[in-house]
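Observations on chain architecture
Letter by letter, the chains look like this.
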Amino acid sequence: MSGYTKRRIVVAGGGTAGWMAAAALARTMGDAIELTLVESDAIGTVGVGESTIPPLVTYNRLLGIGEADFMRETQATFKLGIEFENWKRDGESYFHSFGLTGRDHWSAGFQHFWMHGLTKGHSASYDDYCLELQAAHASRFAHLPDNRMNYAYQLDSSLYAAFLRRMAEADGARRVEGKIARVELDGASGDIAALVLESGTRVEGDLFIDCTGFRALLIEGALQVGYDDWSHYLPCDSAIAVQTSSVRPPIPYTRAIAHDAGWQWRIPLQHRQGNGIVYCSRYLDREVALDRLVSTVEGTRLTEPNFIRFVTGARRKQWHRNCVAVGLSGGFMEPLESTSIHLIQRAVLRLIRMMPMGAVSERDVAEFNEQQMTDMLQVRDFLILHYKATERRDSPFWRQCGDMEIPESLTQKIELFRETGRVFRKNEELFAENSWVQVMMGQGITPQAYHPVATKLSDEELHHLLAGLRDSVAKTVASLPQHDAYVAHYCGAQNAVAA
Ligand code: FAD
């Protein structure tokens with residue numbers, strides 16, 4: 001076995017992806033690598049990406065980040081899930097919460113017992129059995145023993161990048177400011193040899209991480225790996241974001257409000273609210289979309305509208321030669337389930353696990369690409385579900401969604417649930433059974449049957465189980481403090497909105 005020579009790792013781009021990668025690499029690999037990040041102040045970042053999902057809690061813990069400090073520095077609030085308004089039908093809403101609903105049996109999820117309960121006169125909503133969901137609706141939060149409350153964060157993305165930058169630089173990462181003018185390839189191998197900046201500076205490396213956002217300067221601009229366009233499944237192609245002042249204390253969840261050609265988000269932070277509209281430009285004019293956004297936001301506008309166009313899809317290869325795409329450079333799916341930062345996290349941790357000792361191994365590359373693409377396809381299916389399974393037919397957009405062909409993998413999942421009430425999680429899939437059940441039922445898919453094991457319980461046992469679970473959720477929720485008071489006490493930042 002040959003000895004190890006220090007790898008020179010170059011991160012191109014300093015948005016959320018760039019600094020998440022740099023902070024994790026610097027903390028994990030330390031002196032074993034030489035780490036440089038290149039970013040351009042003149043170009044800036046995409047400036048959105050504020051709602052996250054629970055694995056980010058683990059990511060931060062892995063990096064030894066103190067939660068209260070991190071939340072204070074990023075003006076973060078806790079997030080217990082997403083409220084989907086007007087998705088199944090205009091005027092109706094449902095909640096996709098983190099955590100579990102009820103209690104599963106190894107042979108069958110809780111939904112089977114709940115459905116059996118319905119036939120026995122137990123009319124309580126499925127929602128009544130989920131702690132995170134009920135806490136969200138009551139706007140309450142606390143850390144509970146044994147991590148019984150599953151949560152994520154709503155945060156200011158530019159403050160998060162700045163926080164990670166401080167950390168990465170303290171851990172030895174070198175930052176170079178300047179615009180990348182050219183990506184230089186090695187004539188013999190075809191690998192990337194260096195980034196050449198407008199100033200003429202050359203930044204050489206052994207491994208390059210492309211975090212240049214939608215521009216994808218390295219993976220596409222230089223290496224031309226190609227892009228799979230998924231907009232026939234997810235037709236939205238535009239977004240506009242604005243930030244507003246808070247008019248009320250922050251709630252512990254994100255809102256996703258459907259309209260006739262897409263949806264709007266509202267993300268409450270400590271000091272302000274993030275808002276945006278996502279839409280399909282085929283059905284909604286940019287000026288009308290802007291008007292709709294600004295006429296429905298609450299509070300005073302703090303920023304000029306940020307217009308963003310995108311093509312939903314993924315690079316055919318996330319890792320090619322000595323270049324790994326992380327973040328928007330690797331592909332993009334709309335933020336409906338707040339999955340982009342998570343895909344960054346998965347890519348970064350995966351890369352660290354597969355860090356080459358010497359030359360890049362094609363086996364590592366193949367493994368990385370397969371795993372990362374599996375994640376992306378699973379997220380894609382979950383997002384398509386929200387558009388396909390709807391009773392809305394009130395606009396050309398919704399009629400297109402209702403009529404579209406969907407991937408066979410999703411058809412199997414939907415029809416299996418419809419026929420049997422069952423959901424199976426495959427290949428460490430991000431969204432677990434509870435997520436699929438909540439969204440499928442929320443979107444109007446009702447199972448026609450349930451598992452016979454539920455009938456094994458006597459009427460008394462069933463009553464005991466269901467009433468006991470409901471009672472426990474209600475009692476725990478009642479014992480929790482208000483979310484805003486908890487945030488203020490635990491990690492209150494200056495100029496946050498007080499209760
Ligand atoms: P960017 O932020 O665009 O950063 C690119 C970096 O590359 C910048 O530092 C730039 O200066 C640098 N760069 C580019 N070209 C050059 C050059 N020539 N020379 C030098 N440097 C260069 N994700 C979530 O998880 N939750 C959300 O709620 C969410 N909401 C979103 C809403 C919208 C409308 C969009 C479009 C995305 C959203 N995302 C969300 C995704 C999230 O914003 C991104 O995944 C995240 O910000 C990472 O972006 P990035 O770092 O890849 O790219």
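Residues numbered from 1 in each chain as written. Predicted model: local features only at pLDDT ≥ 70, side-chain atom pairs only at ≥ 80, totals over all residues. Heavy atoms only, no water.

Attention now goes to the sheet that holds strand β12 (residues 227-229). Spatially, β12-β18-β21 is the arrangement adopted by the three strands of the open sheet, whose pairing is antiparallel. Two strands close off the open sheet at either side, each with one partner strand: β12 and β21 (331-332). Pairing between β12 and strand β18 (residues 313-315): three bridges, direction antiparallel. Note that in β18 the partner of Tyr227 across the bridge is Arg315. (Pairing = 2+ DSSP bridges. Helix = DSSP H or I, 4+ residues; strand = E, 2+ residues; numbered from the N terminus.)

The next point concerns the site of the ligand. Lining the immediate surroundings of the ligand are 34 residues, of which Gly14, Ser51, Ile180, Leu328 and Ile341 lie closest. One of the backbone nitrogen or oxygen atoms of Gly15 is found 3.4 Å away from an oxygen atom of the ligand. Leu328 is positioned such that a nitrogen or oxygen atom in its backbone is 2.9 Å from an oxygen atom of the ligand. Compared with its free state, where it exposes 1000 Å², the ligand has 97% of that area covered by protein. Considering each element in turn, the shell around the ligand owes the most residues, three residues, to helix α9 (residues 340-353). (Near = heavy atom within 4 Å. Polar contact = N/O pair within 3.5 Å; in protein donor to acceptor, adjacent residues only side chain to side chain. Areas by Shrake-Rupley, 256 points an atom, 1.4 Å probe, with all protein chains shown as cover.)

Now for the packing of helix α10 (residues 362-388) against helix α13 (residues 433-442). For the pair α10 and α13, interaxial distance at closest approach is 9 Å and the crossing angle is 20°. When the axes of α10 and α13 are compared, the pair comes out roughly parallel. Between α10 and α13 lies a crossing of left-handed hand. Where α10 approaches α13, its residues Asp381, Phe382, Leu385 and His386 are matched on the opposing element by Ser435, Trp436, Val439 and Met440. Each residue belonging to the contact of α10 with α13 can be placed in one class, and the counts come to five nonpolar, two polar and one charged. (Axes fitted to C-alpha atoms, helices over the stretch in contact; angles between N-to-C directions. Parallel < 35°, antiparallel > 145°, perpendicular 65-115°, else oblique. Left-handed = near helix turned anticlockwise from the far one by under 90°. Contact = heavy atoms within 4.5 Å. Nonpolar A, V, L, I, M, F, W, Y, C, P; charged D, E, K, R; others polar.)

Another point: the packing of helix α4 (residues 110-119) against helix α14 (residues 459-479). Across the interface, α4 lies against α14 with an axial gap of 11 Å and an inter-helix angle of 115°. On the basis of the axis angle, α4 is roughly perpendicular to α14. In terms of crossing hand, the pair formed by α4 and α14 is left-handed. The residues of α14 that touch α4, namely those facing Phe110, Phe113, His116 and Gly117, are Leu462, Leu465, Leu466 and Leu469.

Time to look at the domain arrangement of the protein. When the domains of the protein are assigned, the result is domain 1 (7-50 + 156-226 + 315-360) and domain 2 (101-148 + 380-479). Just the C-alpha atoms count here: the centres of domain 1 and domain 2 sit 38 Å apart. Counting from both sides, the interface comprises seven residues of domain 1 and, opposite them, 10 residues of domain 2. Interface area for domain 1 against domain 2, summed over the two sides, is near 720 Å², with a carbon-plus-sulfur share of 67%. Between the two partners, domain 1 and domain 2, sit zero salt bridges. Seen at the junction of domain 1 and domain 2, the total is three residue pairs in polar contact (both at pLDDT 80 or more). Grouping the amino acids of the side of domain 1 that touches domain 2 by side-chain chemistry returns two nonpolar, two polar and three charged. (Domains from an automatic or database assignment. Buried area = accessible area lost by both parts, 1.4 Å probe. Salt bridge = Lys/Arg side-chain N within 4 Å of Asp/Glu carboxyl O.)

Let's shift gears to the nonpolar core. Among the nonpolar cores identified, the biggest contains 78 residues, and Trp87, Leu385 and Tyr387 are the most heavily contacted of them. Among the elements that make up this core, the one with the highest residue count is α10 (eight residues). Mapped onto the domain boundaries, this core takes at least three residues apiece from domain 1 (7-50 + 156-226 + 315-360) and domain 2 (101-148 + 380-479). Those residues in contact with Tyr387 that lie beyond four places of it in its chain are Trp87, Leu234, Cys236, Trp263, Glu334, Leu336, Phe397, Trp398, Cys401, Gly402 and Met404. (Core = buried A, V, L, I, M, F, W, Y, C linked by side-chain atoms within 4.5 Å. Buried < 20%, exposed > 50% of the residue type's maximum accessible area, 1.4 Å probe, protein only.)

In space, the seven strands of this open sheet follow the order β5-β4-β14-β15-β16-β13-β17, with mixed pairing throughout. Edge positions in the sheet fall to β5 (93-97) and β17 (306-309), since each has one partner strand and no second. Taking the axes of each pair of neighbouring strands and ignoring which way they run, one obtains an average angle of 20° across the sheet. Inspection of the sheet shows strand β13 (residues 238-245) paired to strand β16 (residues 272-279) by eight bridges, in the antiparallel sense.

Attention now moves to the side chain of Asn60. Along the chain, Asn60 turns up in helix α2 (residues 55-62). Those residues in contact with Asn60 that sit more than four places away from it in its chain are Ile65, Phe70, Tyr153 and Tyr160.

Turning next to the environment of Leu290. Its place among the elements puts Leu290 in helix α8 (residues 286-296). Separated by 85 residues in sequence, Leu290 and Asp375 place their C-alpha atoms 33 Å apart. Leaving out residues up to four positions away in the same chain, Leu290 has contacts with Ile240, Pro305 and Phe307.

Our focus in this paragraph is the pairing of strand β14 (residues 254-259). Across the six residues that make up β14, a large majority, five, are buried. The pairing of strand β4 (residues 81-85) with β14 spans four bridges and is classified as parallel. When the bridges of β14 are listed, Ile82 appears paired with Thr254. Alignment of β14 against strand β15 (residues 262-268), held across five bridges, turns out to be antiparallel. Bridge assignment links His259 to a residue of β15, and that residue is Gly262. Counting the residues that bridge the hairpin from β14 to β15 gives two residues.

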